[in-house]
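# Structural characterization, general
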Amino acid sequence: MDRRSFLVTSSLLGSSLLWMGQKNARALTSVSASPPDLFSLFQEPGSEYRPFVRWWWNGNKVSKSEITRELKLLKEAGIGGVEINPISFPSRADDMGIRSLRWLSDEWIDTVKYAAEQAKEWGMTADLIVGSGWPFGSEDLSEEETAQVVLVYAEEIEGPTTYQVKPFHFFSAVDPGVTDKNALRNPELLALKLAKNPIGSLADVTDLSDEIGKEKMVIDIPEGKHVLYALVKFNAFAAVINGAPGAAGSILNHMDREAVTRYLHRMSDTMQQRIGPLKNYLRALFTDSMELEGSNWTADFAAEFKKRCGYDLMPYLPFILFKVGRLGAVVDEDYGAKKTDAFNELLSRVRFDYEFTKACILKERFTDTYVGWCRDLGVKSRAQAYGRGFFPLESSLDYDIPEGESWTTNYLRHKLGEEMSNEDYRRGRGYTMIDKYVSSAAHLKGKRVISCEEMTNTYVVFNATLELLKRGSDQAVMAGITHSVWHGFNYSPKEAPFPGWIQYGSYYSEKNNWWPYFKYLNAYKARLSSQLQNGDYFADIAILPANYDLWANHGVQTDPFPEKLNVPYTSLLWEAINKNGGSADYITEIILDGCTVSDGKLRYGNREYSVLFLPGVASIAASSLEKIHQFVQSGGRVYCIERLPEKGLGLKGLAGEDVAVKEWVSKLQAFPQRFVRLDKPADHDFLTWYTEIAATHDLPSYLRIAVPNSYFMQIRYQRDDDSELFFFQNAHRYDSHVTDVVFTEAIAKGRTCWVWDLEKGERSIWDLDKDRSVRIELGPSESLMLVFDKHRKGSKWKPIPMAGAETQTLDTSWEVVLRHQQESTERTIELTELVDFKDREDLVHFSGTAVYRKNIRIEDAAAYALNLGRVEGIADVYVNGKQVGVKWFGRRLFDLSTVLETGDNLLEIHVVTTMGNYLKTLTDNEIAQFWVNRKGREQEIQSMGMIGPVTLYKI
């Protein structure tokens, strides 16, 4: 087994990052000499490929009998594993007097053991979150172990005057704006400075540290305009968000290695002393979002900064910090004194040094400690290794299972499947930008299991459909995700009053109307994951984003939802490449420094890239440009969008680094065909722009897509059995998309093109045209998987056509039986014509199954198909009492060839609706009202029912 490690030395800070464990990609994925039979795996995926669920143990009010009941429910629904996730009890729910188990108590540990053993008996897997809520901590931390934050206060004062103030004035003014304030927060005045306004240099600053420690400070303000700056440090400034008993309290200081080590070992030692090795029960230990609430300090930070950067941070610190709010989000970048352009430039360099040092400390003291702890325990490390202050890519490199997240919440409001904004990268997307960083890190290390918190739902809990979940989850797959963890299954006793205990999530509950059909989505996801996890995501283009410029000018952001981007099209670029038949990974300067160069390729592990994009990069290390010069000199191509790099990073070596950057750029310009500056599109239409750029510059792609479309995406995987896999998606909610797709000769030559049906687990041959093309037609939310391999025999693919001969339109005269699930009632109505339930007052609040019945007469028993047109809900079709099939997404097409009889036939279409419209009527149900009528988040009335047009035709 081949191993190597490398040391990345930062020319920026004089510090170093040690990235251990760079392994041969095939060793990492444990590929055997005889690859598995992938089609057999596709037909019957193991439980490890099935989606998992985040299993919220609400308030730790858990019992063994209820654990058994819920695991059985999940198993029957096609779930492959659970992430045991203790969390606070939902504030609006009735706990029925059930007591809470305290985190790490003997009884709680025994219950975790029982749950893991029961999961194993059901053929399922168990993971366990570390601590509870996010970010983790506990009531038992000492003050020295708690997270710290330094905040700045600035007050304009005009002199001459005498200013008198007590420390409480500063403490109250900057009281941290966190999600959950900690009653134990303890402020300390770190620095007090008076600056001229405007300020041009540190010479315009007077240090008032002699006043610190006084009960009342008396400050003489000279004539003119000034700003008084106060730096306030808080220990124990924030509490764990949604922490369960025992693991609530103060957030842990993630920048203190000793505190992190004690916390982790307290958990594992306590558990293992009770039940033995955790590896006997758990696949992985999990860390949720690193939302550190803006934590930016630790006891030795100033000393570490000076050691790494070579100068004192403290004189600059009041001026590089912004005014911040919740999660450390910047609310005012112009806070304090006005600054000259020259001083702002200086501060941006110090700010970069500060943010980079912080990221290094978090990587070294938290990430490395956590990964090593899991390794020593013999369990896998799984984490959402991002948040404010972490490296967005490098922090995921060493985790066994790096994790991203996709969302319904913002994206239903942002019309997931209805828009694909070029102005706001978030609108219309189910994936987050962090998914590409996480998956790129995994690809660079040859890891194939890349998990995702899907589809995070804190908003549309009762209006999420299986089709919406599929649409967003398929988008996450496009970003490189291979393993789904649904968000989430609420532990809720059967006896709990409707709708049960709900913390968050898409109401994965046996009380949900669509629960009996949930297994179809999970089977689809299992088949897809079984193939993605047995191949390597293909990408031959790299993107180095301008994140260091972002840090320098605006500070680090809160991933996965940065408040501000300096280059808003960073995400649009990889999308445009994808939608034009290519693929890209993100890299960083640290990754670039670890690459080798030969034959026009950047190589890192088993990845190699022939093209590098620098979107809006202004600042870069001279050593990185030297590597880029080697790449271009050997035949590689670099495209700088909007600008060329122009300066170095950080304050140390300021002048020399800037000169070196300019010199390397000048050397690169000697290769005008391979070092190219491109203007960004004025209208932000990166898809059209890239289509033209790709043709002009002959950029690499493995597909030629005749009609690129914002909603039409694809990925390519190369598998161990020498086959090629392609997955296509139409992410539009209502519109179909048709395009010819041409495959390269290297892909198609000597291979057969197969359609692998993700719903049925079957495969059929699709003959390519002479130019190696196929015409792909995908309906709304539909997807398609093609596999090119060397198998030759099989049936031909015959999709159900959208229309045919002797068409009958069936839009009138339906009997509809309305089976209300929550009220356990049934009534029958007659519809003279099909209607959207939301448009009729007597139907708008229906929730359950609407059974549409109609007699149809067939004169000859030929081959017929049924097209239901638009259906808002799950369609389950029966003919003469025999089930034909279920369609829960896309075009509702059914082949009736084997079930129709000559003469009269009873056609039944069971349409399963969502619940949100009904819950709006439950005005006395606090939980229902919170999720559907909350002020500012009122849910829209949803469409429901069979809307049509419904047609029957010969095929």
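Residues numbered from 1 in each chain as written. Predicted model: local features only at pLDDT ≥ 70, side-chain atom pairs only at ≥ 80, totals over all residues. Heavy atoms only, no water.

## Points about the overall build of the protein
When helices and strands are tallied, the protein shows 22 helices and 47 strands. Scaling as 2.2 N^0.38, a compact globule of 955 residues should have a C-alpha radius of gyration of about 30 Å, and the protein matches this with 30 Å. Summarising its shape, the C-alpha atoms of the protein cover approximately 100 × 70 × 55 Å along the three principal directions. Counting only residues that meet the buried cut, the protein has 64% of its 955 residues in that class. Pairs at least 24 residues apart make up 80% of the contacts formed inside the protein by residues separated by at least 6 positions. Surface accessibility of the protein: about 34,300 Å² in total, with carbon and sulfur atoms responsible for 46%. (Helix = DSSP H or I, 4+ residues; strand = E, 2+ residues; numbered from the N terminus. Rg over C-alpha atoms; globule rule 2.2 N^0.38 Å. Buried < 20%, exposed > 50% of the residue type's maximum accessible area, 1.4 Å probe, protein only. Contact = heavy atoms within 4.5 Å. Areas by Shrake-Rupley, 256 points an atom, 1.4 Å probe, with all protein chains shown as cover.)

## Side note on the pattern of salt bridges
All chains considered together, the criterion is met by 72 salt bridges. A salt bridge links arginine 775 to aspartate 740; the nearest nitrogen and oxygen atoms lie 2.7 Å apart. Placement of the pair is arginine 775 in strand S34 (residues 773–778) and aspartate 740 in strand S31 (residues 737–743), with a sequence separation of 35 residues. Residue arginine 775 is classed as exposed on the basis of its relative accessible area, which comes to 55%. The structure contains a network of salt bridges with shared partners spanning Arg54, Glu83, Asp127, Arg283, Asp288, Arg382, Glu403 and Glu453. (Salt bridge = Lys/Arg side-chain N within 4 Å of Asp/Glu carboxyl O.)

## Looking at the sheet that holds strand S29 (residues 712–719)
Taken together, the six strands give an open sheet; going across it, the order is S19-S29-S30-S35-S32-S33, and neighbouring strands pair in antiparallel fashion. The open sheet has two edge strands, strand S19 (535–537) and strand S33 (762–765), and neither has a second partner. Going from strand to strand, the sheet's axes swing by 30 degrees on average, the running direction of each strand aside. Sheet strands touched by helix H13 (residues 518–532): S19, S29, strand S30 (724–730), strand S32 (752–757) and strand S35 (783–789). Its angle to S30, the strand with the most contacts, is close to 140 degrees. (Pairing = 2+ DSSP bridges. Axes fitted to C-alpha atoms, helices over the stretch in contact; angles between N-to-C directions.)

## Description of the state of the cysteines
On inspection of all chains with the given rule, the structure shows zero disulfides. Between cysteine 309, a cysteine without a disulfide, and cysteine 360, which holds the nearest cysteine sulfur, the sulfur-to-sulfur distance is 8.6 Å. By relative accessible area, cysteine 309 is classed as buried at 1%. No disulfide involves cysteine 640; its nearest neighbouring cysteine sulfur is the one of cysteine 595, lying 16 Å away. (Disulfide = S-S within 2.5 Å.)

## Quick word on helix H19 (residues 686–697)
If you check H19, its first and last C-alpha atoms are 15 Å apart, about what 12 residues at 1.5 Å a residue would give, namely 16 Å. When H19 is considered as a whole, its buried residues turn out to be Phe686, Leu687, Trp689, Tyr690, Ile693 and Ala694. Projected down its long axis, H19 shows its buried positions confined to an angular sector of 155 degrees, all on one face. Exposed residues on H19 whose side chains face more than 90 degrees from its buried face are Ala695 and Thr696. (Expected span 1.5 Å × (residues − 1). Arc of directions from axis to C-beta.)

## Digging into the confidence of the model for the protein
When pLDDT is averaged along the protein, the result is 94; 96% of the residues meet or exceed 70. Low pLDDT, under 50, characterises residues 1–32; the stretch is placed with 77 contacts to residues that sit more than four places away or in other chains. (pLDDT = per-residue confidence, 0-100.)

## As for the nonpolar core
Within soluble globular proteins, side chains that are nonpolar generally end up buried alongside one another. Leu285 and Phe613 are the most contacted members of the largest nonpolar core, which totals 242 residues. Of the residues forming this core, the biggest block, 12 residues, is contributed by helix H9 (residues 341–377). Sequence-distant contacts of phenylalanine 613, that is, excluding residues within four places in its chain, are made with Ile541, Ala542, Ile543, Leu544, Leu573, Ile577, Tyr639, Ile641, Leu678, Tyr690 and Leu699. Leu831, Ala850, Leu868 and Val911 belong to the second largest nonpolar core, which has 33 residues in total. (Core = buried A, V, L, I, M, F, W, Y, C linked by side-chain atoms within 4.5 Å.)

## Structural notes on unusual backbone geometry
With the exception of glycine, most residues fall at negative phi, and the peptide bonds are largely trans. Along the chain, glycine 159 connects to proline 160 via a cis peptide bond; the corresponding omega equals 10 degrees. Within the secondary structure layout, proline 160 lies in strand S7 (residues 148–165). Of note, the amide linkage connecting phenylalanine 498 to proline 499 takes the cis form, showing an omega dihedral of 5 degrees. On the secondary structure map, proline 499 appears in the loop between strand S18 (483–490) and H13. For glutamate 293, which is not glycine, the phi torsion reads 60 degrees and is therefore positive. Among the secondary structure elements, glutamate 293 is positioned in the loop between strand S12 (284–287) and helix H7 (301–309). Residue classification places glutamate 293 among the buried residues on the basis of a relative accessible area of 4%. Of note in this structure, aspartate 722 is not a glycine but carries a positive phi near 65 degrees. Here aspartate 722 is to be found in the loop between S29 and S30. Residue class for aspartate 722 comes out partly exposed when judged on its relative accessible area of 41%.

## Things to note about the packing of aromatic side chains
If you walk through the whole model with that rule in mind, you get 58 aromatic pairs. Between the aromatic rings of phenylalanine 391 and tryptophan 551, the centroid separation amounts to 5.9 Å while the plane-to-plane angle is 35 degrees, which identifies the pairing as tilted. A residue pair is termed long-range when its members are at least 10 positions apart, and phenylalanine 391 in the loop between strand S15 (380–383) and strand S16 (401–407) and tryptophan 551 in helix H14 (residues 547–554) qualify at 160 residues. Its relative accessible area of 1% is what places phenylalanine 391 among the buried residues. In textbook terms, an aromatic cluster arises when at least three aromatic residues are bridged by ring pairs, as seen for Trp103, Phe136, Tyr263, Phe366, Tyr370, Trp373, Phe390 and Tyr399. (Phe/Tyr/Trp six-rings, centres within 6.5 Å; stacked < 30°, edge-to-face > 60°.)

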